[in-house]
Amino acid sequence: RASVGRRVGSGMASLTARRRDELNKSILAYLKKSGYNDALGALQKELDIQPETKYEGTLERKWTAVTKMSAKIMRLETMVETLQEDLKNFGKGKKKDASLALPRAPAKFTCKGHKSAITCVAFHPVYSQVVTSSEDCSIMVWDYDEGQQEKKAQRTHRRGTTRYLQPRRETTGLLLSRPFDKSVER
């Protein structure tokens, strides 16, 4: 057996001895749980280890994570291709119709949650977040890559609408807002 931390195998997909041991135990636990007794016996004899209950479900969880990540990679690759094509079309010195740069129907996401009209929208300078405020005195944080609401602050100001939102560049989680009554709250 290789020592912990030493890479076993070669190439980009090599595993440390610890990770390989975890993988083997996860496979054994999967075979046992699924009732593949012949395969379980053969692999146990080959590896000379016993299945452990703490590894039950590990293989399924990791496989689910891999498939989700693979789907996200495919979406991102498609997005990169689209952006590269847009970049070619809007390169230096080329005169193009500005209306081509505007979003086109159908909308990618429709974010629902405010009970009244939206009064202000602000995009975070670093993260894929957009913040909206509304006449219902609420402020919402959205993930614009996923189209889902992340946070909602109810009744942030006592009087009416917010006219200014400023997400902080730091990861402090602070958001400055100013309603029409000119008070400032965070």
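Provided above is the structure to which this section pertains.
Residues numbered from 1 in each chain as written. Predicted model: local features only at pLDDT ≥ 70, side-chain atom pairs only at ≥ 80, totals over all residues. Heavy atoms only, no water.

(A) Geometry of the packing of helix α1 (residues 17-34) against helix α2 (residues 37-47). It is at 9 Å that the axes of α1 and α2 come closest, and there the two elements cross at 155 degrees. Compared by their axis directions, α1 and α2 come out roughly antiparallel. The way α1 lies across α2 gives a crossing that is left-handed. Residue-level inspection shows Asn-24, Ile-27, Leu-28, Leu-31 and Lys-32 of α1 in contact with α2, the latter providing Ala-39, Leu-40, Leu-43, Gln-44 and Leu-47. Broken down by class, the residue content of the contact of α1 with α2 amounts to 7 nonpolar, 2 polar and 1 charged. (Axes fitted to C-alpha atoms, helices over the stretch in contact; angles between N-to-C directions. Helix = DSSP H or I, 4+ residues; strand = E, 2+ residues; numbered from the N terminus. Parallel < 35°, antiparallel > 145°, perpendicular 65-115°, else oblique. Left-handed = near helix turned anticlockwise from the far one by under 90°. Contact = heavy atoms within 4.5 Å. Nonpolar A, V, L, I, M, F, W, Y, C, P; charged D, E, K, R; others polar.)

(B) Unusual backbone geometry, seen in detail. Positive phi is not limited to glycine here, since Asp-48 has a value of about 60 degrees. You can see Asp-48 is positioned in the loop between α2 and α3 (58-89). On the accessibility criterion, Asp-48 (66% relative accessible area) is exposed. (Buried < 20%, exposed > 50% of the residue type's maximum accessible area, 1.4 Å probe, protein only.)

(C) Region of the structure containing a nonpolar patch on the surface. Residues Ile-118, Val-121, Phe-123 and Tyr-144 make up a contiguous nonpolar surface patch of about 400 Å² in total accessible area. For Tyr-144, a relative accessible area of 36% translates into the label partly exposed. (Patch = residues over 30% accessible without salt bridge, like charges linked within 9 Å, V, L, I, M, F, W, Y side chains within 5 Å. Areas by Shrake-Rupley, 256 points an atom, 1.4 Å probe, with all protein chains shown as cover. Salt bridge = Lys/Arg side-chain N within 4 Å of Asp/Glu carboxyl O.)

The values are spatial; any link to function lies outside them.
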